[in-house]
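Descriptive analysis of the structure
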Amino acid sequence: MAEQAVSAKRGNQPMSFPHTLCFGFRALQRILTFLGVHSLFSSVLGYLDTTLRWIPSWLPSWCPTSQNQLTTAEDRMLRCVDSSFSRQYVPISNGNQLWTLTFNSDATKDKTPVVLLHGFGGGVGLWALNLGSLSQRRPVYALDLLGFGQSSRPVFSADAQEAEEQFVESIEQWRAKVGLEAMILLGHNLGGYLAASYSLRYPGRVKHIVLVEPWGFPERPDTADEDRPIPVWIKALGAMLSPFNPLAGLRLVGPLGPTLVQTLRPDFKRKFSTMFSDNTVSEYIYHLNVQTPSGETAFTNMTIPYGWAKRPMLQRIVQLRPEIPITIVYGSRSSIDGNSGNTIKEMRPDSHVEITTIRGAGHYVYADQPEDFNNRVSQVCDQVD
């Protein structure tokens with residue numbers, strides 16, 4: 001869930017949702033920077049962020065969360081899904097497991113399945129408005145990416161390429177364990193980046209790619225561009241945030257965290273208002289994102305200042321097999337525009353590349369306009385056996 005708050009060029013590379021939760025934390029950091037104690041503060045904060053999660057169980061928990069609370073929050077997110085499904089941990093290598101929802105009825109079992117990959121900071125529960133509809137026509141699998149949600153949270157490589165490969169290999173191992181010959185890969189945000197990376201590595205397993213508001217495709221623009229220079233305040237913000245995981249502030253505020261999510265992101269309650277009238281969504285988001293920072297750390301290692309990918313996908317997407325079709329979905333009210341989509345279309349003149357914009361939707365297209373999103377994705381999937 002990486003909807004990002006500031007951008008060096010509007011419509012290219014927004015910063016992520018969790019940064020919205022840390023404004024007070026940033027202000028404190030900025031003050032300390034001006035006072036000349038930034039390095040000490042960075043060291044102390046980094047230590048606290050990595051060790052607070054390991055306080056002995058007999059001490060009061062600083063962050064009011066647990067695996068059981070995350071499970072309960074997800075159960076509440078999924079209670080309104082009107083299709084039957086199963087849940088399981090799918091074992092992969094090194095003792096890791098990927099938490100998986102499976103929708104597979106007798107009427108749809110012969111169709112190519114859709115596999116849903118969530119964005120940064122997300123989890124399977126955020127597809128609650130989509131799972132029932134999408135599973136009417138074909139099998140649907142939704143998994144928590146390695147390092148996120150209820151999946152295992154291992155140590156990732158600090159190298160951007162190796163971390164990306166860990167994500168991709170975990171998806172391939174999951175596919176083999178589940179027994180899927182081929183799939184339609186749909187990824188939102190970070191999930192879109194990983195869907196493209198997986199398709200480059202394992203093209204024979206992918207029949208169609210659906211990129212929903214994908215992160216990590218364009219290169220960071222030249223800061224010397226006189227027409228659109230990066231504002232000084234964005235540079236300062238990037239410098240202040242660079243030593244930290246995006247959600248360090250949320251963990252460090254401890255018991256204030258749930259209230260902070262509700263206060264700074266009331267829009268998520270509105271997005272799911274047809275399902276819930278209480279704080280179900282914000283509680284789920286909180287419990288997703290204050291667990292051990294694993295995938296979060298990997299994501300941080302895959303980025304450069306201001307939220308750009310170290311390994312931009314546009315540099316590689318031309319290597320994708322031309323017979324693999326791509327559909328790119330944007331929200332008309334999102335801070336991301338169609339620049340990357342148009343570039344992909346130009347780079348693949350002999351391939352099917354379709355760009356669609358859903359009116360009235362922001363970065364979280366699937367929750368902002370779920371009916372339109374579900375209909376459009378179903379139409380795309382109908383083109384696949």
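Heads up: the structure comes first, above all this text.
Residues numbered from 1 in each chain as written. Predicted model: local features only at pLDDT ≥ 70, side-chain atom pairs only at ≥ 80, totals over all residues. Heavy atoms only, no water.

Remarks on the overall build of the chain
- Broken down by element type, the chain carries 15 helices and 10 strands.
- When the 385 residues of the chain are sorted by exposure, 57% land in the buried category.
- Summarising the internal contacts of the chain: among those between residues at least 6 apart in sequence, 77% fall at separations of at least 24. (Helix = DSSP H or I, 4+ residues; strand = E, 2+ residues; numbered from the N terminus. Buried < 20%, exposed > 50% of the residue type's maximum accessible area, 1.4 Å probe, protein only. Contact = heavy atoms within 4.5 Å.)

Let's talk about the nonpolar core
- Within the largest apolar cluster, 49 residues are counted, with the highest numbers of intra-cluster contacts made by Leu101, Leu116, Leu131, Leu186, Phe272, Tyr284 and Phe373.
- Of the residues forming this core, the biggest block, 5 residues, is contributed by helix α11 (residues 280–289).
- Here Phe373 is in contact with Asn130, Leu186, Val212, Val329, Ile358, Val365 and Tyr366, once residues within four sequence places are set aside. (Core = buried A, V, L, I, M, F, W, Y, C linked by side-chain atoms within 4.5 Å.)

A look at helix α5 (residues 160–178)
- Between its first and last C-alpha atoms α5 spans 27 Å; for 19 residues at 1.5 Å apiece the expected length is 27 Å, and the two agree.
- Among all positions in α5, only Ala160, Ala163, Glu164, Phe167, Val168, Ser170, Ile171, Glu172, Trp174 and Arg175 are buried.
- One side-chain oxygen at the N-terminal end of α5 lies 3.1 Å from the backbone nitrogen of Gln161; it belongs to Asp159.
- Phi for Gly179, located one or two positions after α5, is positive at around 90°. (Expected span 1.5 Å × (residues − 1). Polar contact = N/O pair within 3.5 Å; in protein donor to acceptor, adjacent residues only side chain to side chain.)

So, the packing of aromatic side chains
- Within the structure shown, the criterion is met by 14 aromatic pairs.
- Relative to Trp99, the ring of Tyr89 lies with its centre 4.6 Å away and its plane at 50°, an arrangement referred to as tilted. Of the two residues, Tyr89 is situated in strand β1 (residues 86–91) and Trp99 in strand β2 (residues 97–103); the sequence distance between them amounts to 10 residues.
- Among the residues examined, Tyr89 registers a relative accessible area of 32% and is labelled partly exposed.
- Note on Trp99: relative accessible area 11%, which makes it buried.
- With a centroid separation of 4.4 Å and an interplanar angle of 25°, the aromatic rings of Phe120 and Phe299 are classed as stacked. Here the residue Phe120 occupies a position in the loop between β3 (114–117) and α4 (131–134), and Phe299 occupies one in helix α12 (residues 295–301), the gap between them amounting to 179 residues.
- Accessibility expressed as a relative area gives 0% for Phe120, which makes it buried. (Phe/Tyr/Trp six-rings, centres within 6.5 Å; stacked < 30°, edge-to-face > 60°.)

Description of the side chain of Thr108
- Within the fold, Thr108 resides in the loop between β2 and β3.
- Take Thr108: its relative accessible area is 3%, and that puts it in the buried class.
- In this view, Thr108 contacts Ser135, Gln136, Arg137, Arg138 and Pro139; residues no more than four positions away in its chain are not counted.

Description of the packing of helix α9 (residues 257–264) against α11
- Following both chains from N to C, one finds α9 and α11 inclined at 125°, their axes separated by 9 Å at the closest point. With respect to α11, the axis of α9 lies oblique. Crossing handedness for the pair α9 and α11: right-handed. Along the contact surface, α9 presents Gly257, Pro258, Val261 and Gln262, while α11 presents Ser282, Ile285 and Tyr286.
- Across the contact of α9 with α11, the residue classes tally to 4 nonpolar, 3 polar and no charged. (Axes fitted to C-alpha atoms, helices over the stretch in contact; angles between N-to-C directions. Parallel < 35°, antiparallel > 145°, perpendicular 65-115°, else oblique. Left-handed = near helix turned anticlockwise from the far one by under 90°. Nonpolar A, V, L, I, M, F, W, Y, C, P; charged D, E, K, R; others polar.)

Remarks on the pairing of strand β4 (residues 140–143)
- Of the two faces of β4, both are covered, the one formed by Val140 and Ala142 as well as the one formed by Tyr141 and Leu143.
- Relative to β4, β2 runs antiparallel, the two being bridged by 4 bridges. Counterpart to Thr102 in the pairing with β4 is Tyr141.
- By the bridge criterion, 4 bridges tie β3 to β4 in an arrangement that is parallel. By the bridge assignment for β4, Val115 is matched with Tyr141. (Pairing = 2+ DSSP bridges.)

Looking at the sheet that holds strand β9 (residues 326–331)
- Taken in spatial order, the 8 strands make up an open sheet running β1-β2-β4-β3-β5-β6-β9-β10, and their pairing is mixed. What marks the edges here is a single partner per strand, and that holds for β1 and β10 (353–358). Neighbour-to-neighbour, the strand axes of the sheet open up by a mean angle of 20°, direction not taken into account.
- α5 rests against β1, β2, β3, β4 and β5 (183–188) of the sheet, and its axis sits at about 115° to β1.
- Relative to the sheet, helix α15 (residues 370–381) contacts β3, β5, β6 (206–212), β9 and β10, its axis offset from that of β10 by approximately 165°.

A closer look at empty space enclosed by the protein
- Counted according to the given criterion, the structure contains 6 cavities of 30 Å³ or more.
- Considering the residues around the largest cavity, the lining is formed by Phe120, Gly121, Gly147, Phe148, Arg153, Leu247, Arg251, Leu288, Asn289, Gln291, Pro293 and Glu296.
- Across the lining of the largest cavity, the residue classes tally to 5 nonpolar, 4 polar and 3 charged. (1 Å grid on protein atoms, 1.4 Å probe; cavity = no way out; pocket = protein on both sides within 12 Å on 5 of 7 lines; lining within 4 Å. Points joined across faces, edges and corners; volume = space filled by probe spheres on them.)

Focus on the side chain of Thr112
- Tracing the backbone shows Thr112 in the loop between β2 and β3.
- In this structure the side chain of Thr112 is engaged in a polar contact, spanning 2.7 Å, whose partner is the backbone oxygen of Asp385.
- In contact with Thr112, other than residues within four places in its own chain, are Arg138, Pro139, Ala182, Met183, Ile184, Lys207, Val384 and Asp385.

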